[in-house]
Amino acid sequence: MKVLGRSFFWVLFPVLPWATQAVEHEEVAQRVIKLHRGRGAAATQSRQWVRDSCRKLSGLLRQKNAVLNKLKNAIGAVERDVGLSGEEKLFQVHTFEIFQKELNESENSVFQAIYGLQRALQGDYKDVVNMKESSRQRLEALREAAIKEEAEYVALLAAEKHQAEALKSVQHQNRSLSMLDEILEDVRKAADRLEEEIEEHAFDDNKSVKGVNFEAVLRVEEEEANSKQNMTKREVEDDLGLSMLIDSQNNQYILTKPRDSTIPRADHHFIKDIVTIGMLSLPCGWLCTAIGLPTMFGYIICGVLLGPSGLNSIKSIVQVETLGEFGVFFTLFLVGLEFSPEKLRKVWKISLQGPCYMTLLMIAFGLLWGHLLRIKPTQSVFISTCLSLSSTPLVSRFLVGSARGDKEGDIDYSTVLLGMLVTQDVQLGLFMAVMPTLIQAGSSASSSVVMEVLRILVLIGQILFSLAAVFLLCLVIKKYLIGPYYRKLHVESKGNKEILILGISAFIFLMLTVTELLDVSMELGCFLAGALVSSQGPVVTEEIATSMEPIRDFLAIIFFASIGLHVFPTFVAYELTVLVFLTLSVVVMKFLLAALVLSLILPRSSQYIKWIVSAGLAQVSEFSFVLGSRARRAGIISREVYLLILSVTTLSLLLAPVLWRAAITRCVPRPERRSSL
């Protein structure tokens, strides 16, 4: 009997705070402690306490059943009432059903708590895995309960709104309406229908979709206390301001689409971020110009000062980076304007062979060092491929607007350099498509290695087919479409440049969309758009470049500032010796490998440009940030390796202008040197 009494006690303990009054809580807690320790009240007192608790719980359950019966009778009375309209009957019945659901959910919560206590008592307190699973189950139950409670709250709000509208309708019926009141009433009904039509019910439609998880988030309201002091509680609840949501992983989210799409809204955080970047970029750019550095480093410094490692004033980091990507698109378009198809045909073999040989040599050296340092081959291949890529936007900034007069028969170093960078952009898309399969092949059993190799070959074939389709499309556009399209824009844009800018921008977006759909990098599409436009002649190129350069310059500022958001000076300071050694090793290795490869594939008369091209390639592309972040999320590389790639990339970009200026000074004749610097 004593064992039975104690088991009843442990079963009923979770419901006592809900079933008893607040005055009894302290006595209950003391009694529990004494019973648990085995030196408290007598067995008769414990049995009496259990009987009283059972009696109170059963009394509450009987009251709940009685209330449910009354609600059923009330629902039946409402349905039989002939004096109520059909809509009013539905409203009252729905209100009763909400209350019934609340009572049933409360009862279910009580028994779920009892079941949870039983499961916890049966578990082993030394087993962390078991306790973790119990905690996960409780968390899932709480999330489901929160979703149900949220749905009930929304239903109650709808019922309250309906009640207020019914009262207003009764008041309108009791008095005569003026013509203006009748018009406003019609407008109100039309507005209600509009809200019902455009409301998507995204929450209800997606909560049961496979892969959707319920998580607890914090909602942080905008700091507008002064504007909300005179608002009522209801007005604050209905205010759909751009509040921020923070999940348990410290990810921050902002509103992308409001429930009420009839009200225009703006992301004030994003506006403030862009304004701040624009204002601070000016003094930073001036400072770099004064000390002889390219202005892009001033923009990177601006991002460092405003980013997480500085003032941490940028709230919409993802949005800033997204806008910065358009700077890459327009930069590559203007690069393509200077990269005519005639020049492309002249150096296409060099542009294709050079990056392929360099990537293979980098992977070979990476595997060698990985074997010596006992690094997994998958990680060695990934790191080597990341480091083999060079920054197209950075080199483009070096080359845009520079006049390069080459000797007759010689190859233009800018053409070779840009051709190799474009090939690397294609390699980037190829690598991003093949790398997941490579990872699976490295972790698969030996019996499936052949199948994984076949999958890789199929992927490579698909990408080569996509490239062939892209270039075939370019030939069609060049021959039949680009000429009439530009002439139409030119006629329509006389005295109105916005038509020309919009038409060229639409063409850029069309090309990057096509290349994206064909699983080729969007950057290649932007470059090809510029090359196709440049085929219309130098006059067309000059007119379009003059119109598009201001847009490119502003968006490029945002892009380089977004790079600075991922620069962490404190980490660089902590590991300065290691990072400087690694950066110099990577830069020297890429320079020497590029010089070796170019010395083998360049004509003898153009051997002198290999030093300039090698200097342009001797840095790491900013796209290693993207590849590194994806690899870290997939578990391919660790956090430490990711930070090392990030820091080495940043330092190599900082060293790039120095190496470029040294190569230009050494190898370019003086008349051309001024324009290239």
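Residues numbered from 1 in each chain as written. Predicted model: local features only at pLDDT ≥ 70, side-chain atom pairs only at ≥ 80, totals over all residues. Heavy atoms only, no water.

- In the nomenclature of an unreviewed UniProt entry, the protein is known as Transmembrane and coiled-coil domain-containing protein 3 of Callithrix jacchus.

1. Some thoughts on the overall build of the protein
In step 1: When you go through the protein residue by residue, the secondary structure sums to 27 helices and 3 strands.
In step 2: For the protein, the proportion of its 677 residues judged to be buried stands at 38%.
In step 3: Of the contacts made within the protein by residues no fewer than 6 positions apart, 74% connect residues no fewer than 24 positions apart.
In step 4: A total of about 39,700 Å² of accessible surface is found on the protein, and carbon and sulfur atoms cover 62% of it. (Helix = DSSP H or I, 4+ residues; strand = E, 2+ residues; numbered from the N terminus. Buried < 20%, exposed > 50% of the residue type's maximum accessible area, 1.4 Å probe, protein only. Contact = heavy atoms within 4.5 Å. Areas by Shrake-Rupley, 256 points an atom, 1.4 Å probe, with all protein chains shown as cover.)

2. Topic: the pattern of salt bridges
In step 1: Evaluated as defined, the whole model comprises 3 salt bridges.
In step 2: Of the charged contacts, one joins Lys488 and Glu492 as a salt bridge, the two residues approaching to 3.2 Å between their closest N and O atoms. Highlighted residues: Lys488 and Glu492, both in helix α18 (residues 449-492), separated by 4 residues, approximately one helical turn.
In step 3: Given a relative accessible area of 43%, Glu492 falls into the partly exposed group.
In step 4: Taking the shortest distance from any N to any O, the salt bridge between Arg552 and Asp553 comes out at 2.7 Å.
In step 5: For Arg552, a relative accessible area of 5% corresponds to the buried category.
In step 6: The class for Asp553 is partly exposed, based on a relative accessible area of 33%. (Salt bridge = Lys/Arg side-chain N within 4 Å of Asp/Glu carboxyl O.)

3. Details of the pairing of strand β2 (residues 244-247)
In step 1: Where strand β1 (residues 217-220) meets β2, 4 bridges bridge the pair, whose relative direction is antiparallel. In the sheet register, Arg219 faces β2, and the bridge partner there is Leu245. (Pairing = 2+ DSSP bridges.)

4. Some words on the packing of aromatic side chains
In step 1: Under the counting rule described, the total for this entry stands at 7 aromatic pairs.
In step 2: Consider the rings of Phe591 and Trp611, whose centres lie 6.0 Å apart with planes at 25°: the pair is stacked. Taken together, the residues Phe591 in helix α23 (residues 576-601) and Trp611 in helix α24 (residues 610-617) connect sequence positions 20 residues apart.
In step 3: Since its relative accessible area comes to 36%, Trp611 is described here as partly exposed. (Phe/Tyr/Trp six-rings, centres within 6.5 Å; stacked < 30°, edge-to-face > 60°.)

5. Some points on the environment of Gly303
In step 1: Looking at the element boundaries, Gly303 is found in helix α12 (residues 295-306).
In step 2: Between the C-alpha atom of Gly303 and that of Ile558, which follows or precedes it by 255 residues, the distance is 8.8 Å.
In step 3: Ignoring anything within four residues of it in the chain, the contact list for Gly303 reads Ala561, Gly564 and Leu565.

6. A short note on the packing of α23 against helix α26 (residues 639-667)
In step 1: At their nearest, the axes of α23 and α26 sit 9 Å apart, and the two run at 60° to each other. Taken together, the axes of α23 and α26 are oblique relative to one another. As for the relative orientation of α23 and α26, their crossing is right-handed in sense. Touching Leu579, Leu582, Thr583, Leu584, Val586, Val587 and Phe591 of α23 are Leu644, Ser647, Val648, Leu651, Ser652, Leu655 and Leu659, all from α26. (Axes fitted to C-alpha atoms, helices over the stretch in contact; angles between N-to-C directions. Parallel < 35°, antiparallel > 145°, perpendicular 65-115°, else oblique. Left-handed = near helix turned anticlockwise from the far one by under 90°.)

7. A short note on the side chain of Ser647
In step 1: Summarising the element assignment, Ser647 is placed in helix α26.
In step 2: Ser647 gets classed as buried once you look at its relative accessible area, which sits at 7%.
In step 3: Here Ser647 is in contact with Phe571, Val572 and Leu579, once residues within four sequence places are set aside.

8. Regarding the side chain of Ser621
In step 1: Position of Ser621 among the secondary structure elements: in the loop between α24 and α25 (623-634).
In step 2: Non-local contacts of Ser621, meaning those with residues more than four positions away in its chain, are made with Leu389, Ser390, Ser391 and Thr649.

9. Some thoughts on the nonpolar core
One broad trend across soluble globular proteins is that nonpolar side chains are buried collectively.
In step 1: Ranked by size, the top nonpolar core spans 87 residues in total, and within it Phe333, Ile508 and Ile544 carry the most contacts.
In step 2: Judged by nonpolar contacts, the second largest core, of 10 residues, contains Cys284, Ile314, Ala561 and Leu565. (Core = buried A, V, L, I, M, F, W, Y, C linked by side-chain atoms within 4.5 Å.)

10. What about the confidence of the model for the protein?
Detailed conclusions should not be drawn from predicted coordinates in areas where pLDDT is low.
In step 1: The predicted model of the protein has a mean per-residue pLDDT of 75, with 73% of residues at 70 or higher.
In step 2: Confidence drops under pLDDT 50 across residues 224-229; counting only partners more than four residues distant or on other chains, this segment forms 2 contacts. (pLDDT = per-residue confidence, 0-100.)

11. Digging into helix α11 (residues 268-290)
In step 1: If you check α11, its first and last C-alpha atoms are 34 Å apart, about what 23 residues at 1.5 Å a residue would give, namely 33 Å.
In step 2: The sharpest bend along α11 measures roughly 30° and falls at Ser281, with the proline Pro283 sitting one to four residues further on.
In step 3: Residues of α11 that are buried: Asp273, Ile274, Ile277, Ser281, Cys284, Gly285 and Cys288.
In step 4: Residues of α11 that are buried sit in contact with α12, α13 (317-338) and α21 (538-564).
In step 5: Here α11 starts with a cap whose side-chain oxygen sits 3.2 Å from the backbone nitrogen of His269, and that cap is Asp267.
In step 6: Two residues or fewer past α11, Gly292 is found with a positive phi of approximately 90°. (Expected span 1.5 Å × (residues − 1). Bend = angle between axes of the 7 residues up to and from the residue. Polar contact = N/O pair within 3.5 Å; in protein donor to acceptor, adjacent residues only side chain to side chain.)

12. Describing the sheet that holds β1
In step 1: Pairing within the open sheet is antiparallel, and its 3 strands lie in the order β1-β2-β3. Both edges of this open sheet fall to β1 and β3 (252-253), since each of them pairs with a single strand only.

13. Examining unusual backbone geometry
In step 1: The phi torsion at Asn312 lies on the positive side, around 55°, for a residue other than glycine.
In step 2: Asn312 sits in the partly exposed class, given a relative accessible area of 43%.

14. Structural notes on the environment of Leu582
In step 1: Structurally, Leu582 can be placed in helix α23.
In step 2: Note: C-alpha distance between Leu582 and Val648 (66 residues apart in sequence) is 6.9 Å.
In step 3: Excluding residues within four positions of it along the chain, Leu582 makes contact with Leu644 and Val648.

15. Description of the state of the cysteines
Put plainly, two cysteines are in a disulfide when a covalent bond ties their sulfur atoms together.
In step 1: For the coordinates displayed, the defined rule picks out 0 disulfides.
In step 2: Of all cysteine sulfurs in the structure, the one in Cys302 sits closest to Cys284, which takes part in no disulfide; the separation is 5.2 Å.
In step 3: A relative accessible area of 9% places Cys284 in the buried class. (Disulfide = S-S within 2.5 Å.)

16. Digging into the environment of Ser396
In step 1: Topologically, Ser396 is positioned in helix α16 (residues 392-399).
In step 2: Using a relative accessible area of 0% as the deciding quantity, one classes Ser396 as buried.
In step 3: For the pair Ser396 and Gly616, spaced 220 residues apart in the sequence, the C-alpha separation amounts to 9.8 Å.

17. Some remarks on the packing of α13 against helix α20 (residues 522-534)
In step 1: Closest axis-to-axis distance for the α13/α20 pair is 6 Å, and the angle between their directions is 35°. α13 and α20 meet at a crossing whose hand is right-handed. Two secondary-structure elements touch here, α13 through Glu325, Val328, Phe329, Leu332, Phe333, Val335, Gly336 and Leu337 and α20 through Met522, Glu523, Cys526, Phe527, Ala529, Gly530, Ala531, Val533 and Ser534.
In step 2: The residue makeup of the contact of α13 with α20, split by class, is 12 nonpolar, 3 polar and 2 charged. (Nonpolar A, V, L, I, M, F, W, Y, C, P; charged D, E, K, R; others polar.)

18. Brief notes about a nonpolar patch on the surface
In step 1: A surface patch of nonpolar side chains, amounting to about 600 Å² of accessible area, comprises Phe365, Leu368, Trp369, Leu372, Leu373 and Ile375.
In step 2: Structurally, the position occupied by Phe365 is in helix α14 (residues 341-372). (Patch = residues over 30% accessible without salt bridge, like charges linked within 9 Å, V, L, I, M, F, W, Y side chains within 5 Å.)

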